[in-house]
Amino acid sequence: MKKHEFYLKRCIQLAKNATGNTYPNPLVGSVIVYQDEIIGEGWHQKAGEPHAEVNAINSVNDKSLLKKSTIYVSLEPCSHFGKTPPCSDLIIAHKIKRVVIGTMDPFAKVKGRGIQKLLSAGCDVVLGVLEKESQELNKRFFTFHQHERPYVILKWAQTQDGFIAPETQDQREPVWITNSSSKQLVHKWRSEEQSILVGTQTAIKDNPKLNTRLWEGNNPVRVVLDQNLRIPKASHLFDGTIKTIVITELNTEIPPALEKENLIIEKVDFQLNLAEEICKVLYRHELQSVIIEGGKKTLQTFIDTNLWNEARVFTGKKLFKTGTKAPTFTGKIIENLMIDNDQLEIYRNGL
C-alpha cells in the first residue's frame, strides 16, 4: 500500500498544475508504472482537452509495456462521452490490467460506472488509496456535486485591534490593511476560484474591480448583492469587461445602464435565507466555488447560516481603534503563516 500511496501522491502533485483551469471538470493526475518505474504521466490541463489518463498513456514511449503496467489516477476514470471519449475505454483498449484509484467520482454520469466498466473488462481495481487527499484536491468539485452549492471561501483583512474598515472613509478607494505581497496572493486565489462576491456597501465604498490584474490567470465571475440597485452604474463592477451577476430583489425594469451582454440580473427574496438563495443562484450558473470578500454584513450572513467551508483571515500591522469590527466565527485553524509582516490564518468549518 505504501508503494500505491507514493504514486498517488505524484498524481495529486501533477493534478495541481492545472488549478483554476479545468472548470467545470475536476483536477486529475495520472502516472503509469512498469516494474516500479514511472514510464508515463499526465494531468488534465483544461476543460475540453484530453484527460489525465490520455496524457499519461500518450507520454509512454513503448506502448507494448502498457499491458504489463499499472495506471494510477487520482479520480475514477470517466465512463461517458462528454467533450472527450471515456478514459475507462482507453485503459481497457490498451489492456492495462491494474488500475489504482484515489477516490470515486461524485458526478452523476460517472459515480462508480467507470470502476464497474473496468472490473467487467477484467481489470484489477484498487480504490481508496489516499482517498482523503484525493477528495481534498477536488473539494470544490465534490461540494458542488454532493451538496448542490459552491465551495464557499470567506476572506477578509483585519487590523491588529480587530477592525476590517475605519469609521470614516472619504475617498472611493479601498483602505488597505495588508501589504502588497498579501494583495498579490489574493489575486492568485481569485484566479483559482470560479466566482467572487461582495455586498452593496463594499461595492459603493471601494468601487472594486475584482479581477486578477496582479496575477496571470482567469478572472472569476463577479457577483454583487444590490438589493435595491443602489450601486452607481459607473462602477467598475458594471463595466461589462467580466461576466457579472447582480443579485437584487427589485421586480422593476432593469435600468438601461445595466443592459450589457456580460451583466446578468438575478432576482431573489432577501427576506429568505439569503446565503442559501445566493448559493442557489451560483449553482444554477454552474459555479463550483466563490470567494466572499465582504463586507462585515455579507460575511456574517454566511457565517450565521453555517454556509462556508474555509475562512482566510489576514491580520495586518495597522490599528484603527474604531470602525467596523471583524466577523465573529469559530473554525479550526489548518494553516498559520506570515506573508511578509502580515499574518494569514486559514480555517476550516466542521472539522
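Coordinates for the structure precede this section.
Residues numbered from 1 in each chain as written. Predicted model: local features only at pLDDT ≥ 70, side-chain atom pairs only at ≥ 80, totals over all residues. Heavy atoms only, no water.

Draft legend 1. Structural view of the pairing of strand 13 (residues 310–315). With six of six residues buried, strand 13 is to be regarded as a mostly interior element. Neither face of strand 13 is exposed, since Glu310, Arg312 and Phe314 on one face and Ala311, Val313 and Thr315 on the opposite face are all buried. Where strand 13 lies against strand 16 (residues 342–348), six bridges are found, and the strand directions are antiparallel. The residue bridging Glu310 from the neighbouring strand is Arg348, located in strand 16. (Buried < 20%, exposed > 50% of the residue type's maximum accessible area, 1.4 Å probe, protein only. Helix = DSSP H or I, 4+ residues; strand = E, 2+ residues; numbered from the N terminus. Pairing = 2+ DSSP bridges.)

Draft legend 2. Spatial organisation of the layout of surface pockets. Estimates place the volume of the largest pocket at around 1,200 Å³. Every residue lining the largest pocket is counted, 50 residues in all, and those nearest its centre are Thr202, Asp206, Glu293, Gly294 and Gly295. Residue assignment for the lining of the largest pocket shows that the elements contributing at least two residues are strand 6 (151–158), strand 7 (163–165), helix 7 (180–192), helix 8 (200–206) and helix 10 (296–304). (1 Å grid on protein atoms, 1.4 Å probe; cavity = no way out; pocket = protein on both sides within 12 Å on 5 of 7 lines; lining within 4 Å. Points joined across faces, edges and corners; volume = space filled by probe spheres on them.)

Draft legend 3. Spatial organisation of the environment of Phe314. As for its position among the elements, Phe314 is in strand 13. Take Phe314: its relative accessible area is 1%, and that puts it in the buried class. Sequence-wise, Phe314 and Tyr34 are 280 residues apart; in three dimensions their C-alpha atoms are separated by 46 Å. With residues up to four places along the chain from it excluded, the contact list for Phe314 reads Lys155, Trp156, Ala157, Gln158, Thr178, Ser182, Leu185, Val186, Trp189, Ile339, Gln343 and Leu344. (Contact = heavy atoms within 4.5 Å.)

Draft legend 4. Seen up close, the packing of aromatic side chains. Inspection of the entire model under this criterion finds eight aromatic pairs. Centre to centre, the rings of Trp156 and Phe329 are 5.4 Å apart; their planes meet at 85 degrees, and the pair counts as edge-to-face. Linking Trp156 in strand 6 with Phe329 in the loop between strand 14 (324–325) and strand 15 (332–339), this pair joins segments that are 173 residues apart in sequence. Classification of Trp156 by relative accessible area gives buried; the value is 3%. A residue is classified by how much of its surface remains accessible, and Phe329, at 22% relative accessible area, is partly exposed. (Phe/Tyr/Trp six-rings, centres within 6.5 Å; stacked < 30°, edge-to-face > 60°.)

Draft legend 5. Here's a closer look at the sheet that holds strand 15. Taken in spatial order, the nine strands of this open sheet run 11-10-9-8-12-6-13-16-15, and their pairing is mixed. Strands at the two margins of the open sheet, each flanked by one partner only, are strand 11 (263–267) and strand 15. Taken over all neighbouring pairs, the strand axes of this sheet differ in orientation by 20 degrees on average, direction set aside. In the sheet, strand 6 pairs with strand 13 via six bridges, with the strands oriented parallel. Each bridged residue has a counterpart across the sheet, and for Lys155 the counterpart in strand 13 is Arg312. Sheet strands touched by helix 6 (residues 139–147): strand 6, strand 12 (289–292), strand 13 and strand 16. Its angle to strand 6, the strand with the most contacts, is close to 125 degrees. Lying over the sheet, helix 10 contacts strand 6, strand 8 (195–198), strand 9 (221–225) and strand 12, oriented at roughly 135 degrees with respect to strand 6. (Axes fitted to C-alpha atoms, helices over the stretch in contact; angles between N-to-C directions.)

Draft legend 6. Up close: the environment of Gly48. Mapped onto the elements of the fold, Gly48 is located in the loop between strand 2 (37–43) and helix 2 (52–58). Overall, the relative accessible area of 38% leaves Gly48 in the partly exposed class. Residues Gly48 and His4, 44 residues apart in the sequence, show an inter-C-alpha distance of 29 Å.

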